[in-house]
Number of protein chains: 2
Amino acid sequence: MGELIFAGLGLSGIDGMTVKALNALKECDVIFAEFYTSTLIGAETDELENVLGKKIKILGRSQVEESDVIIESAKRCRTGFVTAGDAMAATTHVDLLIQAAEENISVKVLHGVSIFSACSSSLGLQPYKFGRTVTLPFIESGYQPRSPYDNLVVNKKEGLHSMILLDIRADESRYMSAHQALEWLIEGENKWKCNLISDDTLICVASKIGSNDEKVFAGYPNDLLKKDLGEPLHTLVIPGKLHFMESYALVHLAGAPHSIIEEED
Amino acid sequence: MGELIFAGLGLSGIDGMTVKALNALKECDVIFAEFYTSTLIGAETDELENVLGKKIKILGRSQVEESDVIIESAKRCRTGFVTAGDAMAATTHVDLLIQAAEENISVKVLHGVSIFSACSSSLGLQPYKFGRTVTLPFIESGYQPRSPYDNLVVNKKEGLHSMILLDIRADESRYMSAHQALEWLIEGENKWKCNLISDDTLICVASKIGSNDEKVFAGYPNDLLKKDLGEPLHTLVIPGKLHFMESYALVHLAGAPHSIIEEED
């Protein structure tokens, strides 16, 4: 009997997955992977193959979304489908899960470490104080969509933190950098003027979260633009109202100006 | 030289931690744990000790928050501090991290699988469409605080999903159940009447997420109240505006009434 095991590999390395996922994947007959919705930092496919003891077939977007290669395999044998981060973060994974359920294929979801919790964790920000997450897309042919900016403004008005994911074009090896994202936000502010950011808005930058080279920064836009912020993958956070422990964390862990603690008092 | 390693054990079992965390904890000289801010489902301490090959000292709230036992140990030797879920979800963990930084103790944060991403993942809901998370506290001496209700209303108005964490009193082995939480919400609605929920509001319930006994449900309040919803730990979600794939997921994975798909069309 077939089976479909969705496993999140976590954020980084071949040791970023859970022990449970490792054990389950070792028992699979076939393993597929996709790395276009999210990227696993610092892990080569052949290392992953060595650890799991089998070949991994990496699928592109059209193979995942338009072909039935995964479902057909799962009808016949124990099939693993691995992705970076958690197992179900992209709509296309949910689509596959539903298809499998409709085909009465036995399904298991093995969760992985996700940027959705790890980013707040690394910055010392309280996870329940985040509003909706936004994603900044690359500006193409001069077109900059307004909705991410507007969603950030809503969070700010509610005093909530905002996590900002940056565009990933894994097939072209293009990853939006923190500097590009800061420019995106400044350009948006100049256009739409809803007081989302100014020269004295504190912004946090997280680089390669979950990896051994993880780095976090907090500062004002112009200072961050002049700074080496490590390599992508980058994630930004615009903090909302800070609890004093959060301010302390941003100063001590991310190099925020000490004045943000005094402002709290 | 000492070192302090914060490791999230994930949501369930001794195999819910990452391979990286397992390897790092095996190298620790001393391991402390706290399970009062969050609970690791289905894992006994002695199993954990067997896997890690050393004794684990479980600390209560006052030992973590008022004594310096962890920091003093980390000055001298490689010290692990483990918690359920991710490593930094509670303010008290951030406090420890800052104390260690101030003492120039080398620090590592090893992320774990967290309910903050796993809950949306198991329900097939898009993680970036969640507003702020709320926690429902037990109603004590008739006192029901209003702020969780109000925060849920804000999310609903923005069309966002809300994850609702339920009170954990691990020291008394009291865990708010999904039924108690539903009653909390209905009582709140009767008092504050902001149209958060009515008889035809779809609510999702997740039971023991991350464990092998994980179960998810979606339905109307009165139907859920009559249903066996599995055992705590429970998490609730009040979905906001649903994408058609999310509606499909709730029907196929969580038993939501099929009519929610037709409503979408």
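The structure under discussion appears in the preceding block.
Here the structure is a predicted model, which is why all the values come from computation and not from measurement. Along each chain, residues carry numbers from 1 onward, in the same order as the chain's sequence is written. The lettering of chains begins at A and the numbering of ligands begins at 1, in the order of writing. A pLDDT threshold of at least 70 governs which residues receive local features in this predicted model, and a stricter bar of 80 or more applies before side-chain atom pairs are shown or counted, although totals over entire chains, interfaces and linings include all residues. With hydrogens and water stripped out, all remaining heavy atoms of the structure feed into the side-chain values.

> An account of the nonpolar core is requested, with residue identities and associated values reported.
Joining through side-chain atoms within 4.5 Å is the link that ties buried Ala, Val, Leu, Ile, Met, Phe, Trp, Tyr and Cys residues into a set, and such a set is a nonpolar core. Partly exposed describes any residue whose relative accessible area lies between the buried limit of under 20% and the exposed limit of over 50%, with all areas from a 1.4 Å probe on protein chains only and scaled to the type maximum. If you look at the biggest cluster of nonpolar residues, it comprises 52 residues, and the most contacted ones within it are Leu123(A), Leu250(A), Ile260(A), Leu123(B), Leu250(B) and Ile260(B). Once residues within four sequence positions are removed from consideration, Ile260(A) is found in contact with Leu202(A), Tyr220(A), Leu242(A), Ser247(A), Leu250(A) and Val251(A). Counting 42 residues, the second-largest nonpolar core is a separate cluster that includes Leu110(A), Cys28(B), Leu48(B) and Ala84(B). Only heavy atoms matter for contacts: two residues are in contact if any of them lie within 4.5 Å across the pair.

> A description of the side chain of Ser114(B) should follow, citing residues and the corresponding values.
Starting at the N terminus, helices and strands are each numbered in turn, a helix being any DSSP run of H or I of at least four residues and a strand any DSSP run of E of at least two. In this fold, Ser114(B) is placed in the loop between strand S5 (106–110) and helix H6 (115–123). When residues no more than four places from it in sequence are discounted, the contact partners of Ser114(B) are Ser117(A), Leu11(B) and Asp86(B).

> An account of the packing of aromatic side chains is requested, with residue identities and associated values reported.
For any two aromatic rings, the description comes down to two numbers: the centre-to-centre distance and the angle of the planes. The rule is short: rings of Phe, Tyr and Trp, with Trp giving its six-membered ring, pair when the centres are within 6.5 Å, and they are stacked under 30 degrees, edge-to-face over 60, tilted in between. Within the structure shown, the criterion is met by six aromatic pairs over all chains. Aromatic pair Trp184(B) and Trp192(B): ring centres 6.4 Å apart, planes at 55°, arrangement tilted. An identical accessibility class is assigned to Trp184(B) and Trp192(B); each is buried. Taken together, the aromatic side chains of Tyr149(A), Trp184(A) and Trp192(A) make up a single cluster linked through ring pairs. In this arrangement the basic side chain of Arg174(A) is found over the ring face of Phe138(A), its NZ or CZ atom lying 4.1 Å from the centre. A ring has a charge above it when a Lys NZ or an Arg CZ is no more than 6 Å from the ring centre and no more than 35 degrees off the ring normal.

> Please provide a residue-by-residue account of empty space enclosed by the protein, values included.
Rolling a probe over the atoms, with the probe sized like a water molecule, indicates the empty space that remains. Using a 1 Å grid laid over the protein atoms alone, points where a 1.4 Å probe fits but cannot get out form a cavity; open sets with protein on both sides within 12 Å along at least 5 of 7 lines form a pocket; any residue with an atom within 4 Å of a point counts as lining. Grid points are joined across faces, edges and corners, and a volume is the space filled by probe spheres set on the points. Counting across every chain of the model gives five cavities of 30 Å³ or more. Put simply, the largest cavity is a space of about 220 Å³. Lining the largest cavity are 16 residues, and of these Phe116(A), Phe130(A), Phe116(B), Pro127(B) and Phe130(B) lie nearest its centre. When residues of the lining of the largest cavity are traced back to their parent elements, those giving at least two are helix H6 (115–123) of chain A together with H6 of chain B. The element best represented in the lining of the largest cavity is H6(B), accounting for three residues. Residues belonging to the lining of the largest cavity are distributed by class as follows: nine nonpolar, six polar and one charged. Taken as a whole, the second largest cavity encloses approximately 50 Å³ of empty space. Put simply, the parts of the chain that give the lining of the second largest cavity at least two residues each are helix H7 (147–157) of chain A together with helix H7 (147–157) of chain B. Here the nonpolar group is Ala, Val, Leu, Ile, Met, Phe, Trp, Tyr, Cys and Pro; Asp, Glu, Lys and Arg are the charged ones; every other residue, Gly included, is treated as polar. Taken together, the residues of the lining of the second largest cavity break down into four nonpolar, three polar and two charged.

> Account for the sheet that holds strand S2 (residues 30–33) of chain B, with residues named and values stated.
Residue and element names in this part refer to chain B. One bridge is not enough; two strands pair if DSSP finds at least two bridges between them. In spatial order, the strands read S3-S2-S4-S1-S5; together these five strands make up an open sheet with parallel pairing. Looking at the sheet topology across the chains shown, the edges are occupied by strand S3 (56–58) and S5. With strand direction ignored, the average angle separating the axes of adjacent strands in the sheet is 20°. Note that strand S1 (residues 3–8) and strand S4 (residues 78–83) share six bridges and pair parallel. Residue pairing for S4: Gly-8 is matched across the bridge by Thr-83. Every axis corresponds to a line fitted to the C-alpha atoms, with the helix fit spanning only the stretch in contact, and the corresponding angles, defined between N-to-C directions, vary from 0 to 180 degrees. Most of the contacts of helix H2 (residues 45–52) go to S3, to which it runs at about 150°, and overall it touches S2 and S3.

> Give a description of the state of the cysteines that names residues and reports values.
All names here are of chain A. Any two cysteine sulfur atoms lying within 2.5 Å of each other are counted as a disulfide. Within this structure, the stated rule accounts for zero disulfides over all chains. As a non-bridged cysteine, Cys-77 has Cys-28 as the owner of its nearest cysteine sulfur, 8.5 Å distant. With a relative accessible area of 15%, Cys-77 lands in the buried category.

> Which residues make up the relation of the copies chain B and chain A, and what values go with them?
Fitting of the copies onto one another was done by least squares over C-alpha atoms, counting residues only where both copies have pLDDT of at least 70. For the pair chain B and chain A, the relating rotation is 180°, the translation along its axis is 0.0 Å, and the fit reaches an RMSD of 0.0 Å. The transformation just described matches what one would write down for a two-fold rotation axis. Taking the C-alpha atom as reference, chain B places Thr18(B) closest to the rotation axis, 1.9 Å from it. Mapped onto chain A, 100% of the interface residues of chain B are again interface residues, and the two copies thus contact each other with one and the same surface.

> Could you give an account of the pairing of strand S11 (residues 215–219) of chain B, with specific residues and numbers?
Residue and element names in this part refer to chain B. Burial analysis of S11 places four of its five residues in the buried class, the great majority of the element. In this structure, strand S10 (residues 203–207) lies alongside S11, joined through five bridges in antiparallel fashion. Residue pairing for S11: Ser-207 is matched across the bridge by Lys-215.

> Describe unusual backbone geometry, and please don't skip the residues or the numbers.
Note that the residue after Pro232(A), namely Leu233(A), is joined by a cis bond; omega there is 5°. For Leu233(A), the location among the structural elements is in the loop between helix H9 (221–226) and strand S12 (234–238). With a phi angle near 50°, Ser173(A) is a residue other than glycine that sits in the positive phi range. Position of Ser173(A) among the secondary structure elements: in the loop between strand S8 (168–169) and strand S9 (174–175). Overall, Ser173(A) belongs to the exposed group, its relative accessible area being 55%. If you check the backbone angles, Ser141(B) has positive phi at about 50° while not being a glycine. Topologically, Ser141(B) is positioned in the loop between strand S6 (134–136) and H7. By relative accessible area, Ser141(B) is classed as exposed at 83%.

> Summarise H7(B); cite the residues concerned and give the values.
Residue and element names in this part refer to chain B. Among the residues of H7, those classed as buried are Pro-148, Tyr-149, Leu-152, Val-153 and Asn-155. The arc that holds the buried residues of H7, viewed along the axis, is 160°, so those residues lie on one side. On its buried side, H7 packs onto S6, strand S7 (162–166), helix H8 (178–192) and strand S12 (234–238). Immediately downstream of H7, the backbone of Gly-159 shows phi near 75°, a positive value. Read the arc as the range of directions from the helix axis to the C-beta atoms.

> Let's hear about the interface of chain B and chain A: which residues, and what values?
Each partner contributes residues to the interface: chain B has 50 residues there, and chain A has 50 residues. Carbon and sulfur atoms supply 65% of the area buried between chain B and chain A, which totals about 4,300 Å² over both sides. Two parts lose some accessible area (1.4 Å probe) when they are put together, and adding that loss for both gives the buried area. On the chain B side of the interface with chain A, the three residues burying the most area are Lys20(B), His111(B) and Arg132(B), jointly 15% of the side's total. Put simply, a salt bridge is a Lys or Arg side-chain nitrogen that is within 4 Å of an Asp or Glu carboxyl oxygen. For the pair chain B and chain A, the number of links is zero salt bridges. Within 3.5 Å is the distance limit for a polar contact, defined as a pair of N or O atoms, with the added protein rule that one can donate a hydrogen and the other accept it, and that residues adjacent in sequence qualify only through two side-chain atoms. The interface formed by chain B and chain A contains 26 residue pairs in polar contact (both at pLDDT 80 or more).

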